[in-house]
Amino acid sequence: MKQIAKVLFPVGVPEPFDYVVPTGMQLACGDFVYAPIGKQMKLGVVWGLGQADTDRKLKDISERKNCRALNPGMLKFVDWTAKYNCAPLGMVLRMVLRSYKALDPSPIVTMYTPRSAERLVGLSAGRKRVLDLQDIWPATASDIAKAANVSASVVRTMAGPSRLLEKISVPLDPPFGTPDPDHEGRQFALTPKQITAGQELADLVARQEFSIALLDGVTGSGKTEVYLEAAAQALRQGGQVLILVPEIALTQAGLRRFAQRFGTEPAQWHSAMGEAARRRTWREVAAGRAKLVIGARSALYLPYADLQLIVVDEEHDNSYKQDEGVIYNARDMAVVRAKLSGASVVLASATPSLESLTNARTGRYAHVILPERPGAAVMPEIGLVDLKEDKPENGRFLSQPLIDGIAEALEQGDQAMLYLNRRGYAPLIICRACGEKLKSPDTDSWLVEHRRTGRAMCHLTGFSMPMPSACPECKTEGSLHPVGPGVERVAEEATQLFPQARIEVLSSDTAGNPERIRERMERMAAGDIDILVGTQMVVKGHNFPHLTFVGVVDGDLGLAGGDLRAGERTYQTLVQVAGRAGRAEKPGRALIQTHMPEHEALEALAAGDREGFIAAELSMRELLGLPPYGKLAAVIISAPDGKKADEFARKFLAKAPRAEGIEIMGPSEAPIAILRGRHRRRFLVKAEPMVNLSAYMQAWKSRLRPPHKTKLQIDIDPQSFM
Ligand SMILES: [Zn+2]
């Protein structure tokens, strides 16, 4: 009998490999080990242990790495994520191991600090400059040298016999401060209703067992301060807290709020972090020393030592769905993570997803409601502008009611915001001579004109080229013409209408990095911008006290396309946009331009009838057996040519297991039939609520392997249908 270890490597493998445990090596599940794969030595994780009498030629594990093991909850979570989302197990482990250096202790660096405040006479000018430095200690010799304009050797000799400086050893990655749950850092005094809501959430956390609550509160109702009461409770118990936010909210301004509440900077985790910051957060989280983590969706896969609370802020937000690599929804996986670790989850939103709302109303989730804005602030009045009646002038996009709304706000010394979820100047470029539309190479999408940068861009693939002066097809000079509005064009129109106003555009093109977004947001909050024209970026969680008018340029945008959640999304986005207005003492107003004023989502919005909208949307879903009344999965097949894609799609369909309560639609061409030169086909699979759809899809997938260069992807509970 030999002792066998199953070792999982963080690569695209569906399961762990077997190795022999050498005599004398002590191993446990979750341990990190080095083992040979082919000619390479790779780091993996022990996934299982057992005895076996085997003739198979198994290799030996080479070495156990001396570091903290992954805990059983983490291993289970990786297993669960892979199974539920039909993803290769190794790829999920790869999401966990984002920083190998974090497995080792922090490197130690030498720093210097002044020995005494005693002023000595007869010092050289350089040494004096060193001792006069403020706010730098402790610091490395090179940092001190740079600040005092001396050489590093001067700094080092000062720690010699003269003993002016003291040499100390400190970790390169400093630990995070300990958040103080009772720090008096609330942004405002809580109202009695907010106190009750916060207490309800804190009570769930105090039970120290799995629980889910939906914190359902209108925009500006103080949700953040309320869920931070639950965070305070978890911190008091010595546990760790993860607050997931949409990536876009991870600006310094957003983080400052958490720092203020608990008196110390929280640990962060997001895609823009450098390797050093990543390693520091990972290590401190694994050691259980980082108590409060604010992160984007991937922060869910950090190896928490004692996770007691996960907050998913803006739980309805699309950015929780990862659409590449391992396809998963962080909101849903947060619930799984909490369940496996016996922790609490708070899902917070002003516009909860219908799935979460249904769970709350049927009693599966605790439902904590914040019905009103505190103080004098009230929800804005929302109106619709029927574009068939109030037509903007030719080549213009703002109707008279919208123009009047802006004018009124500006006259009162207030601010206006125009919302359009389209980057650039114009979404389509057409040749007036031959009718040609500029298309992205090898992709089914139009090029978007960006006038600020003078380029034509594909928003799907990132392709871009300088805006041509002549039509690429008929070569006519100056024949290319922009069709439709993007934010740049709306800003241009606003500038012509209000030449005195300070107008700025906010989109990912104009303010790419978080610092520039923050800077613009702060100027808006301070009243230094009169009209802000923005995309999706302006929607999320910002507070503009002087904003009293919001104009939605195209309320129909979200309703196009074959997305089953289109109505819900439009409703959510517009509620959030409208909710930007009138957040302080001044009442706000929002106007939405539309060609479909009779659409259910828009009608309900204008009437302020959330219940009516939800009821209508739910009865439609129930009738069609769509979530939350049924389950969905998508299959996306792509190949370098259309024939190969069709052929594999047909063969794959023939392999579908027979099962009750399953309906397969497709294959059909995907709405974006060609992407980066790959031809795409889709299936949609609908299942009754009791069916284990993940298991069904896994079984189907395992029956047929795609041929070389053909790709098969499974998307459980798809959010995007492109
Ligand atoms: Zn042409």
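Sequence order as written defines the numbering, with residues in each chain counted from 1. Reporting of local features is limited, given that this is a predicted model, to residues whose pLDDT is at least 70; pairs of side-chain atoms are given and counted only at 80 or more, and all residues count toward the totals for whole chains, interfaces and linings. As a rule here, side-chain values cover all heavy atoms of the structure and leave hydrogens and water aside.

## Section: the sheet that holds strand E11 (residues 292-295)
The following threshold applies: Two strands are counted as paired when DSSP detects at least two bridges linking them. A run of H or I in DSSP counts as a helix once it spans at least four residues, and a run of E counts as a strand once it spans at least two, with each numbered from the N terminus. All axes here are fitted lines through C-alpha atoms, helices being fitted over the stretch that makes contact, and every angle between N-to-C directions spans 0 to 180 degrees.
Taken in spatial order, the seven strands line up as E10-E11-E9-E12-E15-E8-E16 in an open sheet, and their pairing is parallel. Since the sheet does not close on itself, it has two edges, and those belong to strand E10 (267-269) and strand E16 (366-370), each with one partner. Going from strand to strand, the sheet's axes swing by 20 degrees on average, the running direction of each strand aside. Strand direction decides the pairing type here: strand E9 (residues 240-244) and strand E12 (residues 307-313), joined by five bridges, are parallel. Paired with Val241 across the bridge in E12 is Leu309.

## Some thoughts on the coordination of the zinc ion
Condition: Distances define the donors: N, O and S atoms within 2.8 Å of the metal qualify, as do those within 3.2 Å of Na, K or Ca. Water is excluded, so some sites may look unfinished. Any coordination sphere not matching a tetrahedral pattern (four donors, all angles between 85 and 135 degrees) or a square planar or octahedral pattern (four or six donors, opposite donors over 155 degrees apart, other angles between 65 and 115) is reported as irregular. Whether a residue is buried, partly exposed or exposed follows from its accessible area with a 1.4 Å probe, protein chains only, as a fraction of its type maximum: under 20%, in between, or over 50%, in that order.
Only Cys431 (SG), Cys434 (SG), Cys471 (SG) and Cys474 (SG) from the protein reach the zinc ion as donors, at distances of 2.2 to 2.4 Å. In this structure, the zinc ion is surrounded by four donor atoms whose angles at the metal cover 108 to 112 degrees, and the resulting shape is tetrahedral. Each donor residue of the zinc ion lies on one chain, and together they are spaced C-x2-C-x36-C-x2-C. According to the relative accessible area criterion, Cys474 is partly exposed, its value standing at 31%.

## As for the packing of aromatic side chains
Quick note on the threshold: Stacked, tilted and edge-to-face pairs are distinguished by plane angle, under 30 degrees for stacked and over 60 for edge-to-face with tilted covering the rest, among Phe, Tyr and Trp rings (Trp via its six-membered ring) whose centres lie within 6.5 Å. Either the NZ atom of lysine or the CZ atom of arginine qualifies as a charge over a ring when it sits within 6 Å of the ring centre and within 35 degrees of the ring normal.
Inspection of every chain in the model, using the stated rule, returns eleven aromatic pairs. Pairwise contacts between aromatic rings join Phe648, Phe652, Phe683, Tyr696 and Trp700 into one cluster. Directly above the ring of Trp269 sits Arg278, whose terminal nitrogen or CZ lies 5.3 Å from the centroid. Taking NZ or CZ as reference, Arg280 lies 3.9 Å from the ring centre of Phe176, over its face.

## Some remarks on helix H1 (residues 72-85)
The periodicity of an α-helix, 3.6 residues per turn, causes residues three or four places apart in sequence to face the same way. Basically, it comes down to this: Helices are assigned an expected span. That span is 1.5 Å times one less than the residue count. Should any heavy atoms of two residues lie within 4.5 Å, those residues are considered in contact.
Across its 14 residues, H1 extends 20 Å between first and last C-alpha, which sits within 8% of the 20 Å expected from 1.5 Å per residue. Considering only its buried residues, H1 is in contact with strand E4 (40-52), helix H2 (89-96), strand E14 (328-329), helix H10 (330-341) and strand E31 (711-716). Just past H1, the residue Cys86 takes up positive phi, approximately 55 degrees.

## With respect to the packing of helix H16 (residues 600-607) against helix H17 (residues 610-624)
Which entries qualify depends on this criterion: Orientation labels follow simple angle bins: below 35 degrees gives roughly parallel, above 145 gives roughly antiparallel, 65 to 115 gives roughly perpendicular, and whatever is left gives oblique. The hand of a helix crossing depends on one turn: near helix anticlockwise from the far one by less than a right angle means left-handed, and clockwise means right-handed. The classification used treats Ala, Val, Leu, Ile, Met, Phe, Trp, Tyr, Cys and Pro as nonpolar, Asp, Glu, Lys and Arg as charged, and all other residues, Gly among them, as polar.
At their nearest, the axes of H16 and H17 sit 8 Å apart, and the two run at 160 degrees to each other. Judged by the angle between their axes, H16 and H17 are roughly antiparallel. As for how H16 packs across H17, the hand of that crossing is right-handed. Here H16 contributes Glu600, Ala601 and Ala604 to the contact with H17, which in turn contributes Phe613, Ala616 and Glu617. Taken together, the residues of the contact of H16 with H17 break down into four nonpolar, no polar and two charged.

## What about the domain arrangement of the chain?
In plain terms, the rule: Annotation comment: domain bounds sourced from an automatic or database domain assignment.
Taken domain by domain, the chain consists of domain 1 (2-71), domain 2 (108-171), domain 3 (192-370), domain 4 (381-422 + 485-619) and domain 5 (631-716). Just the C-alpha atoms count here: the centres of domain 4 and domain 5 sit 38 Å apart.

## A closer look at a nonpolar patch on the surface
The condition that has to hold: Only residues whose relative accessible area exceeds 30% and that form no salt bridge enter a patch; like-charged residues are grouped when within 9 Å of one another, and nonpolar side chains (Val, Leu, Ile, Met, Phe, Trp, Tyr) when within 5 Å. Exposure was quantified through the Shrake-Rupley algorithm and a 1.4 Å probe, taking into account, for residues, occlusion by the shown protein chains and nothing else. Salt bridge criterion: a side-chain nitrogen from Lys or Arg within 4 Å of a carboxyl oxygen from Asp or Glu.
A cluster of nonpolar side chains, namely Met620, Leu623 and Leu624, defines an oily patch on the protein surface of about 300 Å² accessible area. Inspection of the secondary structure assignment puts Leu623 in helix H17. Residue class for Leu623 comes out exposed when judged on its relative accessible area of 74%.

## Some thoughts on the nonpolar core
Which entries qualify depends on this criterion: Among buried residues, those of type Ala, Val, Leu, Ile, Met, Phe, Trp, Tyr and Cys that are joined through side-chain atoms within 4.5 Å constitute a nonpolar core.
Counting 90 residues, the largest nonpolar core has Leu70, Leu242, Leu244, Trp282, Leu300, Tyr301 and Ile310 as its most contacted members. Ranked by residue count, the leading element in this core is H10, at six residues. Sequence-distant contacts of Leu242, that is, excluding residues within four places in its chain, are made with Val293, Gly295, Ala299, Leu300, Tyr304, Leu307, Leu309, Ile310 and Val311. Counting residues in hydrophobic clusters, the runner-up holds 30 residues, among them Ala232, Ala234, Val311 and Leu370.

## Considerations on the environment of Leu309
Along the chain, Leu309 falls in strand E12. Residue Leu309 is classed as buried on the basis of its relative accessible area, which comes to 0%. Separated by 233 residues in the primary sequence, Leu309 and Lys76 have C-alpha atoms spaced 18 Å apart. Apart from residues lying up to four places away in sequence, Leu309 is in contact with Val205, Ala230, Ala231, Ala234, Gln240, Val241, Leu242, Ala343, Ser344 and Val346.

## So, the pairing of strand E1 (residues 2-8)
Judged from the seven bridges that link them, E1 and E4 form a sheet pairing that is antiparallel. Across the sheet, Leu8 pairs through a bridge with Val45, a residue of E4. The sheet contact formed by E1 and strand E2 (residues 17-20) spans four bridges and is antiparallel. In the strand pairing of E2, Val7 is matched with Phe17.

## Description of unusual backbone geometry
Glycine aside, a negative phi is what most residues show, and trans is what most peptide bonds show. A cis amide bond links Trp137 with the next residue in sequence, Pro138, at an omega value of -10 degrees. Summarising the element assignment, Pro138 is placed in the loop between helix H3 (125-132) and helix H4 (141-148). Cis geometry marks the peptide bond from Pro627 to Pro628, where omega comes out at 5 degrees. Topologically, Pro628 is positioned in the loop between H17 and strand E28 (631-639). For Cys86, which is not glycine, the phi torsion reads 55 degrees and is therefore positive. Mapped onto the elements, Cys86 comes out in the loop between H1 and H2. Among the residues examined, Cys86 registers a relative accessible area of 4% and is labelled buried. Of note in this structure, Asp442 is not a glycine but carries a positive phi near 55 degrees. By the secondary structure assignment, Asp442 is in the loop between strand E19 (428-431) and strand E20 (448-450).

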